[in-house]
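Listed below, chain by chain, are the residues.
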Amino acid sequence: MQSVLTLLLPIALGVIAAVASTAALILWRMRGNVPARPLAAEEGPSSLADDLAHAVSRNELFLVHQPKMRARSGEMVAVETLVRWRHPTRGLIGPNDFIALAEQTGEMRRITEWVIRQTIVEQASLAACAHAMTFNVNISARVLPDRDFAEWALATVAGASGPIGFEITETAMIGDPEGALRNLHLFADAGIKIAIDDYGAGLSSLAYLKQLPAHELKIDRMFISGLSSSHRDPLLVRSTIDLAHALDMEVTAEGVDSPAALALLKVMGCDVVQGFLIAMPMTLGELRSFLDARVDRAPEPALGFNWLARSGKTG
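The rules behind these values
Residues numbered from 1 in each chain as written. Predicted model: local features only at pLDDT ≥ 70, side-chain atom pairs only at ≥ 80, totals over all residues. Heavy atoms only, no water. Phe/Tyr/Trp six-rings, centres within 6.5 Å; stacked < 30°, edge-to-face > 60°. Helix = DSSP H or I, 4+ residues; strand = E, 2+ residues; numbered from the N terminus. Buried < 20%, exposed > 50% of the residue type's maximum accessible area, 1.4 Å probe, protein only. Core = buried A, V, L, I, M, F, W, Y, C linked by side-chain atoms within 4.5 Å. Contact = heavy atoms within 4.5 Å. Polar contact = N/O pair within 3.5 Å; in protein donor to acceptor, adjacent residues only side chain to side chain. Axes fitted to C-alpha atoms, helices over the stretch in contact; angles between N-to-C directions. Parallel < 35°, antiparallel > 145°, perpendicular 65-115°, else oblique. Left-handed = near helix turned anticlockwise from the far one by under 90°. Nonpolar A, V, L, I, M, F, W, Y, C, P; charged D, E, K, R; others polar. Salt bridge = Lys/Arg side-chain N within 4 Å of Asp/Glu carboxyl O.

Q: Honestly, the packing of aromatic side chains in this entry has me stumped. Any pointers?
A: Any pair of aromatic rings gets described here by the distance separating the centres and the angle formed by the planes. Summed over the entire model, instances satisfying the criterion amount to three aromatic pairs. Centroid distance Phe-149 to Trp-152: 6.2 Å. Interplanar angle 25°. Geometry classified as stacked. Taken as a pair, Phe-149 and Trp-152 lie in helix α5 (residues 147-157) at a separation of three residues, close to a single helical turn. For Phe-149, a relative accessible area of 0% corresponds to the buried category. When the ring of Phe-166 is compared with that of Phe-187, the centres are 4.9 Å apart and the planes differ by 90°; the resulting orientation is edge-to-face. Highlighted residues: Phe-166 in strand β5 (residues 164-169) and Phe-187 in helix α6 (residues 177-189), separated in sequence by 21 residues.

Written as structure tokens, this is what we have:
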């Protein structure tokens with residue numbers, strides 16, 4: 001009997017992993033997190049660009065929020081706010097399709113301003129339900145150096161009900177490093193926390209880290225996904241955590257999708273975790289229900305919150 005169980009155990013584990021992966025993908029798509037798909041000839045870049053130019057005025061954009069959790073305490077401390085586009089005839093357009101297009105066509109500033117305004121509205125709504133937390137918004141490299149945008153953002157964020165953070169990627173400094181750095185210092189001086197997003201996937205350097213007024217370093221998911229299977233990734237992640245702490249930055253690990261990765265990150269001293277294991281990006285209503293459920297239930301120290309238990313919830 002023991003030998004039979006030994007043979008069946010790997011198969012059972014594989015089935016469980018496949019079911020969990022499928023459930024995650026279904027939930028991901030249901031919440032508007034659709035992977036990029038090839039565009040058909042009749043919906044090429046030029047046609048999509050025309051529609052994107054009117055997406056804000058036609059109220060076709062919406063926000064989803066992915067919670068960020070303290071690795072050790074399990075406390076939800078912030079969310080990363082992401083924009084999605086529900087096209088009236090084509091359905092959900094993947095971010096990889098329309099974000100790059102917005103940057104190429106000059107629509108990125110208008111979209112970013114809408115995101116910031118709507119984020120402030122939804123943050124206030126959540127705070128009214130006793131869930132006050134930091135909301136982090138992604139700022140495009142095309143928009144970051146713009147002085148007019150910086151002045152607008154400072155004036156707008158000043159009216160927020162709670163802390164607003166800006167996330168930038170490593171490549172944000174390439175086009176206009178002086179303008180980008182100037183605006184980042186303006187943001188930081190005004191109390192807006194700056195996070196370096198997708199760290200390790202671009203042009204990482206000590207000089208780069210030294211000059212940015214960043215409060216948070218987000219390790220790219222490509223390193224987190226290999227924590228339990230690679231010999232190098234754990235060394236890179238641990239050294240990055242130590243480096244960021246030495247520079248007085250908090251560390252967030254992106255793409256935390258397994259209990260094994262979470263356990264290793266805790267041991268390594270990672271401050272905050274974000275990924276499908278914790279929660280998927282969700283609408284404001286779903287986020288409110290998610291946080292309410294955490295208040296009503298006993299804490300789960302191993303996972304923080306079992307997102308598979310939400311499989312029956314569509315918001």
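Additional details are given in the paragraphs that follow.
Q: Got a minute to help me understand the nonpolar core in this structure?
A: Nonpolar side chains in soluble globular proteins tend to be buried together. With 78 residues, the main nonpolar core has Phe-166, Phe-187, Ile-224, Val-237, Val-256, Leu-265 and Val-273 as its most contacted residues. Among all residues touching Leu-265, those that are not within four sequence positions of it are Ile-224, Leu-227, Val-237, Ala-253, Val-256, Cys-270 and Val-273.

Q: Would you take a moment to explain the side chain of Ser-140 for this structure?
A: With respect to the helices and strands, the residue Ser-140 is situated in the loop between β4 (134-138) and α5. Owing to a relative accessible area of 8%, Ser-140 belongs among the buried residues under this scheme. Here Glu-103 takes part through its side chain, which lies 2.6 Å from a polar atom of the side chain of Ser-140. Sequence-distant contacts of Ser-140, defined by excluding residues within four places in its chain, comprise Glu-103 and Met-108.

Q: How should I be thinking about the packing of helix α9 (residues 232-246) against helix α10 (residues 259-268) in this particular structure?
A: When two helices pack together, you describe them by how their axes are tilted relative to each other and by the distance separating the axes. Running from amino to carboxyl end, α9 crosses α10 at an angle of 40°, the nearest separation of the two axes being 10 Å. Our classification of the angle between α9 and α10 gives oblique. Seen from above, α9 lies across α10 with right-handed handedness. Judged by residue contacts, Pro-234, Val-237, Arg-238 and Ile-241 of α9 engage Leu-265, Val-267 and Met-268 from α10. Here the contact of α9 with α10 is built from residues that sort into six nonpolar, no polar and one charged.

Q: Looking at this structure, how should I read the pattern of salt bridges?
A: Pairs may arise between side chains of opposite charge once their charged atoms sit close together. Applying the stated criterion across every chain yields a total of twelve salt bridges. In this structure, the salt-bridge partner of Lys-68 is Glu-216, at a minimum N-O distance of 2.7 Å. With a gap of 148 residues between them, Lys-68 in strand β1 (residues 61-70) and Glu-216 in strand β7 (residues 216-219) connect regions that are remote in the sequence. Given the relative accessible area of 2%, Lys-68 is considered buried. For Glu-216, a relative accessible area of 10% corresponds to the buried category.

Q: How should I be thinking about the environment of Phe-98 in this particular structure?
A: With respect to the element layout, Phe-98 can be found in helix α3 (residues 95-105). Aside from chain neighbours lying at most four places away, what touches Phe-98 is Leu-52, Val-83, Arg-84, Trp-85 and Ile-93.

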